[in-house]
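# Results of the structural survey
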Amino acid sequence: YSVVNEDLFQLSSTHSRKTILTAVLKRLEDTSHELWECLAEGSLELRRLSNLYLLLLKHRLLREFITEVLLEERLRFRDTVARAEINNFFERKYLQVPEVAAWSEATLKKSKNNILTICTDAGLLTVAAKGSFLIVSQFVPLTLRNLLVRSGHEILLPLLLDQRSG
């Protein structure tokens, strides 16, 4: 693949490039033509939230993190989340979910960092102060909102922190 050879992901190792390429290709499996258009031609906001939608479809821990941490903080009328709350979520999952309990400490840390990166890249979180994040509501573009409804995935709109849902 030229993606790997030309370093389109700007990663130093070939192994990392291949790993990321595999993840991207897996994420794009079974993606509708309309969603492809959102990802390829949409505004930055539409691309960010479309990518998050794809991740939410495949990653239970991400769905649970947004539900149990970000939405719960919002229900408490808080617009920030402390790193301690994030750590508590992962500790609970470690104790409650056998698959997570089987992970090494390094895998757990990597998963936590990946979820925070996903939420930050999607615009759901921004760094507020040392040890905390600001939770940022989104205006899901009508194109993506309608696509989720037609696909039967409108239940995911609150997980995109859509201001018009819930």
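A brief report on the enclosed structure follows. (Residues numbered from 1 in each chain as written. Predicted model: local features only at pLDDT ≥ 70, side-chain atom pairs only at ≥ 80, totals over all residues. Heavy atoms only, no water.)

## Topic: the nonpolar core
Counting 40 residues, the largest nonpolar core has Phe65, Ile66, Leu70, Cys119, Leu144 and Leu160 as its most contacted members. Of all elements in the fold, only helix 3 (33-41), helix 4 (44-58), helix 5 (60-75), helix 6 (83-96), helix 8 (105-121), strand 3 (132-135) and helix 9 (142-150) reach the threshold of two or more residues within this core. The element contributing the most residues to this core is helix 4, with seven residues. (Core = buried A, V, L, I, M, F, W, Y, C linked by side-chain atoms within 4.5 Å. Buried < 20%, exposed > 50% of the residue type's maximum accessible area, 1.4 Å probe, protein only. Helix = DSSP H or I, 4+ residues; strand = E, 2+ residues; numbered from the N terminus.)

## Brief notes about the pairing of strand 3
For strand 1 (residues 80-82) and strand 3, the ladder comprises three bridges, and the chain directions are antiparallel. Bridged to Ala82 within strand 3 is Ser132. Here four bridges tie strand 2 (residues 125-129) to strand 3, and the two strands are oriented antiparallel to one another. Its bridge partner lying in strand 3, Leu125 is registered against Ile135. In this antiparallel pair of consecutive strands, strand 2 and strand 3, the connection spans two residues, and Gly131 shows a positive phi of 90 degrees. (Pairing = 2+ DSSP bridges.)

## Thoughts on the sheet that holds strand 1
Pairing is antiparallel in the open sheet, where three strands are placed in the order 1-3-2. Strand pairing shows two members of the sheet lacking a second neighbour, strand 1 and strand 2, which therefore form its edges. For this sheet, the mean inter-axis angle between neighbouring strands, taken without regard to orientation, is 35 degrees. Each of strand 1, strand 2 and strand 3 touches helix 5; the most contacted strand, strand 1, lies at about 125 degrees to it. Its contacts with the sheet place helix 6 against strand 1 and strand 3, and it is angled at close to 65 degrees to strand 1. (Axes fitted to C-alpha atoms, helices over the stretch in contact; angles between N-to-C directions. Contact = heavy atoms within 4.5 Å.)

## Observations concerning the pattern of salt bridges
Scanning the entire structure with this criterion turns up seven salt bridges. Residue Arg150 pairs with Glu34 through a salt bridge whose shortest N-O separation is 2.4 Å. Here Arg150, found in helix 9, pairs with Glu34, found in helix 3; they are 116 residues apart in sequence, far enough to count as distant. Glu34 sits in the partly exposed class, given a relative accessible area of 30%. Here the salt bridges do not stand alone but share partners, grouping Arg60, Glu64, Glu68 and Lys93 into one network. (Salt bridge = Lys/Arg side-chain N within 4 Å of Asp/Glu carboxyl O.)

## What about the environment of Asp162?
Locating Asp162 in the fold gives a position in the segment after helix 9. Looking at Asp162, the relative accessible area reads 5%, which means it is buried. On a C-alpha basis, the gap between Asp162 and Val136 in space is 9.5 Å, while along the polypeptide they are 26 residues apart. Once residues lying within four places of it in the same chain are set aside, the contact partners of Asp162 are Gln138, Phe139, Val140, Arg145 and Leu157.

## Focus: the layout of surface pockets
The calculated volume of the second largest pocket comes to roughly 180 Å³. Asp30, Thr31, Tyr53, Leu54 and Leu57 are, among the 13 residues lining the second largest pocket, the residues nearest its centre. Ranked by residue count, the leading element in the lining of the second largest pocket is helix 4, at four residues. Partitioning the lining of the second largest pocket into residue classes produces five nonpolar, four polar and four charged. (1 Å grid on protein atoms, 1.4 Å probe; cavity = no way out; pocket = protein on both sides within 12 Å on 5 of 7 lines; lining within 4 Å. Points joined across faces, edges and corners; volume = space filled by probe spheres on them. Nonpolar A, V, L, I, M, F, W, Y, C, P; charged D, E, K, R; others polar.)

## So, the packing of helix 6 against helix 8
Where helix 6 contacts helix 8, the axes come no closer than 11 Å and their chain directions differ by 130 degrees. For the element pair helix 6 / helix 8, the angle class is oblique. Crossing of helix 6 against helix 8: the hand is right-handed. Along its contact with helix 6, which presents Arg83, Ile86, Asn87, Phe90 and Tyr94, the element helix 8 presents Leu108, Ser111, Lys112, Ile115 and Leu116. Taken together, the residues of the contact of helix 6 with helix 8 break down into six nonpolar, two polar and two charged. (Parallel < 35°, antiparallel > 145°, perpendicular 65-115°, else oblique. Left-handed = near helix turned anticlockwise from the far one by under 90°.)

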